[in-house]
Amino acid sequence: MLPFICRRVGYALLILLGVTFITYLLLFLLPADPARQIAGRSATPEVVAAIRAQLGLDLPFYQQYLNYLGNLLHFDLGRSYIQRTAVSELIGSRLRPSLELMAAGIGFELLIGVSLGMLAALKRDSFADKLLMAFSFVGVSAPQFIAAMLFLYFFAVQLGWFPLGGYGGASHLMLPALTLGLLGSGWYSRMVRSSMIEVLHQDFIRTARAKGLSRARVVFVHVLPNAIVPVIPMIGIDIGVFMGGLVVVESVFGWPGIGQLAWQSIQQVDIPVIVGVTTLSAVAIVLGNLLADLVIPLVDPRIDIKQH
């Protein structure tokens, strides 16, 4: 177990190094000038140059990047160019809403996706199966902005079931989380359907049926625990995606999460915040996948982590 964890941590550090390097390089190559953004359009070239020197933007790329890595080793994400506040504080203030939306969104994805996938697998090649898979395809293909606006119009404006937006209690959380659940459930339903169809043809399932076990017991005790294994890594990826911020959904529903912070920072060319959010997203994806790798052997003892 320990060598496996050490290997995974080593890979994770390499991935994080690559993510920070590519992000920093792309932002360095942008034609936008953060110093000009801070100084304003009427500022003189001397003032802009002074701000650029103060922020270290006049240094070569490699030196800027090495300075960032040095600060990152001390868990220092830098300071926002615009808000003049530590990036860690800005992200920390948005962390709770993002965690709440992440937990609720993934919960709805699993509830809807696993249920539809099970039903489609049990009704394989029937009209219900084709209808459910068509619904899944529409869900994963629908633009988030259009879907979020439609849900907001029907459920909040027309029906009045939920608030129009903002951050508050469960009623404010329900609609954006349900939107994410419906849009993301298609991936889970298709995966569960394929996995369940494969498991249903295994010898141990035929043995369980031959013993006279009820259909429900066969499905929920023998089929589902084995079919759910491929879904676990998808949850790890979703954790990273959600922690990186869902810019569109958070903007439509006025949810004060990390995604909204990232969008504001992109508009203002606030490089430390952009890199900080990207790094957080990469860390969340790596930790989510590492957690999935550790959980899978517990769910399916046939998988030996020593082989990975």
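Up top is the structure these notes are about.
Values in this document were obtained by computation on a predicted structure and should not be read as measured data. (Residues numbered from 1 in each chain as written. Predicted model: local features only at pLDDT ≥ 70, side-chain atom pairs only at ≥ 80, totals over all residues. Heavy atoms only, no water.)

1. Regarding the environment of P256
Filter applied, for reference: Strands are runs of DSSP state E lasting at least 2 residues, helices are runs of H or I lasting at least 4, and numbering of each runs from the N terminus. Only heavy atoms enter the contact rule, under which two residues are in contact if any of them lie within 4.5 Å.
Along the chain, the position of P256 falls in the loop between α12 (247-253) and α13 (258-268). Residue contacts for P256: discarding those within four places in its chain leaves R94, P97 and Y167.

2. Description of the packing of helix α5 (residues 87-122) against helix α6 (residues 127-141)
We count it as follows: Whenever a helix is involved, its axis is fitted only over the stretch in contact; in every case the axis is a line through C-alpha atoms, and angles between N-to-C directions fall within 0 to 180 degrees. Working rule for handedness: look at the near helix, and if it is turned counterclockwise from the far one by less than a right angle, call the crossing left-handed; if clockwise, right-handed.
One way to put it is that α5 packs onto α6 with a least axis distance of 8 Å and a crossing angle of 150°. In terms of crossing hand, the pair formed by α5 and α6 is left-handed. Contact residues: α5 offers L116, L119 and A120, while α6 offers D129, L132, M133 and F135.

3. What to know about empty space enclosed by the protein
To keep it simple, the criterion reads: Definitions used throughout: a 1 Å grid over protein atoms alone; a cavity as a set of points that fits a 1.4 Å probe which cannot get out; a pocket as an open set with protein on both sides within 12 Å along at least five of seven lines; a lining residue as one with an atom within 4 Å of a point. Grid points are joined across faces, edges and corners, and a volume is the space filled by probe spheres set on the points. Lys, Arg, Asp and Glu make up the charged group, whereas Ala, Val, Leu, Ile, Met, Phe, Trp, Tyr, Cys and Pro make up the nonpolar group; the residues left over, Gly among them, are polar.
Taken as a whole, this structure holds one cavity of 30 Å³ or more when the rule is applied. Estimated volume of the largest cavity: approximately 40 Å³. Around the largest cavity, the lining residues are P163, G165, G166, H172, L175, P176 and F253. Looking at the lining of the largest cavity element by element, the count peaks at three residues for helix α8 (residues 170-200). Looking at side-chain class alone, the lining of the largest cavity contains four nonpolar, three polar and no charged residues.

4. Some thoughts on the layout of surface pockets
By volume, the largest pocket amounts to about 590 Å³. The wall of the largest pocket is formed by 17 residues, among which L16, L72, F75, T279 and V283 lie closest to the centre. Sorting the residues of the lining of the largest pocket by element identifies α1 (2-29), α4 (61-73), α5 and α14 (271-299) as the ones contributing at least two each. Considered as a void within the structure, the second largest pocket measures approximately 420 Å³ in volume.

5. Some remarks on a nonpolar patch on the surface
Worth spelling out the cut-off: The patches described consist of residues with a relative accessible area above 30% and no salt bridge, like charges being joined within 9 Å and nonpolar side chains (Val, Leu, Ile, Met, Phe, Trp, Tyr) within 5 Å. Note on areas: these come from Shrake-Rupley sampling with a 1.4 Å probe, and a residue is covered only by the protein chains present in the view. What makes a salt bridge here is a side-chain nitrogen of Lys or Arg within 4 Å of a carboxyl oxygen of Asp or Glu, nothing more. Remark: exposure states derive from per-residue accessible area (1.4 Å probe, protein chains only) relative to the maximum for the residue type, with buried under 20%, exposed over 50%, and partly exposed in between.
Taken together, the side chains of F145, I146, M149, L150, Y153, F154, V157 and L164 define a hydrophobic patch exposed on the protein surface, amounting to about 780 Å² of accessible area. In this structure, L150 sits in helix α7 (residues 144-158). Residue L150 is classed as partly exposed on the basis of its relative accessible area, which comes to 44%.

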